[in-house]
Amino acid sequence: MTDISELIEWFRLYPFVRYALIAGVLIALCSSLIGVTLVLKRFSFIGDGLSHVAFGAMAIAATMQAMVKGSLSFLEPFAEFVNKNNMVIILPITVVAAIILLAGSKNRKIKGDAAIAMISVGSLAFGYIIMNVFSTSSNVSGDVCSTLFGSTSILTLSKLDVWLCVILSVVVITVFIIFYNKIFAVTFDENFARATGTNASAYNFLIAVIIAVIIVLAMNLVGSLLISALVIFPALSAMRVFKNFKAVVICSAVFSVTIAAVGIIASIRIGTPVGSTIVAFDVVGFFVFWLIGVLGVKKA
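These numbers come from a predicted model, not from an experiment.

Conventions we followed
- Residues numbered from 1 in each chain as written.
- Predicted model: local features only at pLDDT ≥ 70, side-chain atom pairs only at ≥ 80, totals over all residues.
- Heavy atoms only, no water.
- Helix = DSSP H or I, 4+ residues; strand = E, 2+ residues; numbered from the N terminus.
- Buried < 20%, exposed > 50% of the residue type's maximum accessible area, 1.4 Å probe, protein only.
- Polar contact = N/O pair within 3.5 Å; in protein donor to acceptor, adjacent residues only side chain to side chain.
- Contact = heavy atoms within 4.5 Å.
- Patch = residues over 30% accessible without salt bridge, like charges linked within 9 Å, V, L, I, M, F, W, Y side chains within 5 Å.
- Areas by Shrake-Rupley, 256 points an atom, 1.4 Å probe, with all protein chains shown as cover.
- Salt bridge = Lys/Arg side-chain N within 4 Å of Asp/Glu carboxyl O.
- Phe/Tyr/Trp six-rings, centres within 6.5 Å; stacked < 30°, edge-to-face > 60°.
- Axes fitted to C-alpha atoms, helices over the stretch in contact; angles between N-to-C directions.
- Parallel < 35°, antiparallel > 145°, perpendicular 65-115°, else oblique.
- Left-handed = near helix turned anticlockwise from the far one by under 90°.
- Nonpolar A, V, L, I, M, F, W, Y, C, P; charged D, E, K, R; others polar.

K.L.:
Explanation requested: the side chain of serine 267 in the structure shown.
P.N.:
Turning to its location among the elements, serine 267 is positioned in helix 13 (residues 245-270). A relative accessible area of 3% means that serine 267 is categorised as buried. In this structure the side chain of serine 267 is engaged in a polar contact, spanning 2.8 Å, whose partner is the backbone oxygen of isoleucine 264. Setting aside its immediate chain neighbours within four residues, serine 267 contacts Thr272, Pro273, Val274 and Thr277.

K.L.:
I would appreciate a short explanation of a nonpolar patch on the surface in the present structure.
P.N.:
The grouping of Val283, Phe287, Trp290, Leu291, Val294 and Leu295 at the surface amounts to a nonpolar patch, some 600 Å² of accessible area in total. As for its position among the elements, valine 294 is in helix 14 (residues 274-294).

K.L.:
Is there a simple way to explain the packing of aromatic side chains in this structure?
P.N.:
Remark: the centre distance and the inter-plane angle together describe each pair of aromatic rings, the angle taken between the planes. Across all of its chains, the model carries eight aromatic pairs by this definition. Members of the aromatic cluster, joined through ring pairs, are Phe176, Tyr180, Phe184 and Phe245.

K.L.:
Which parts of the structure should I look at to understand the packing of helix 2 (residues 15-40) against helix 12 (residues 227-241)?
P.N.:
If you want to describe how two helices pack, look at the angle between their axes and the distance between the axes. Two elements in contact, helix 2 and helix 12, have axes whose closest approach is 7 Å; the angle formed by their N-to-C orientations is 70°. Here helix 2 is positioned roughly perpendicular relative to helix 12, judged by the angle of their axes. Of the two possible hands of crossing, helix 2 and helix 12 adopt the one that is right-handed. Along the contact surface, helix 2 presents Ile27, Ser31, Ser32, Gly35, Val36, Leu38, Val39 and Leu40, while helix 12 presents Leu230, Val231, Ile232, Pro234, Ala235, Leu236 and Met239. Considered class by class, the residues forming the contact of helix 2 with helix 12 number twelve nonpolar, three polar and no charged.

Structural data, given as structure tokens:
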């Protein structure tokens, strides 16, 4: 009882706790919804690839001010705006990469996992080079570690960051609900969906944009290297117990939101990195659901 009272007091007294829980729960919810589709379409690893693209874009945004100093000083106001609002750079680049990887996957000679691996490793390498060559910080290694693992960024969100997260999350959830039937059709049998008149390419494009938005939002929660966990673990855990698409989506959402909230509270309580703590709980939760499935609990 004391612990619950203490948590309520934290929530009341410390804005960063409120901001972290609100953003974390919304990001986890969005990730779980689209995660089921990505797992079923065999694109589970796309979250990892796009997170590295976002890392490269973040490196560009973070170093833009250093790049325009001197001979390009007339661009400094724009560079300062980008540094304060780096999503202006990160989101469009990540969206384009998502479209190339997901929406265009059927028409390329380099398929699925190979394309993801190439873009993932290349973006990570170029991002790290840019951060070193055009460094604007005395602690590049610390900045890189924070970006990759999301050390404490979720605990330093501003009110503007939270509102942006809320708005984008509401848009993602609304789009998913409105186009649920079409996303379901494209997920399970894209060829049949095309035969029935569904514009599968348009819905693949929509899925690509949604996952790109989620990846950019999730970087503040768990960092670039751990984003795939938010996408994969809730969906895979729900699939251990349920086989109906709607049941899997609902279970995945509940699982993800619960794990995110527990992980954030636990990390604040015991002083561990937020992202890693959430992923650790995701792993434990997966094994619990796997055990439930092995024991033969009836699936819906």
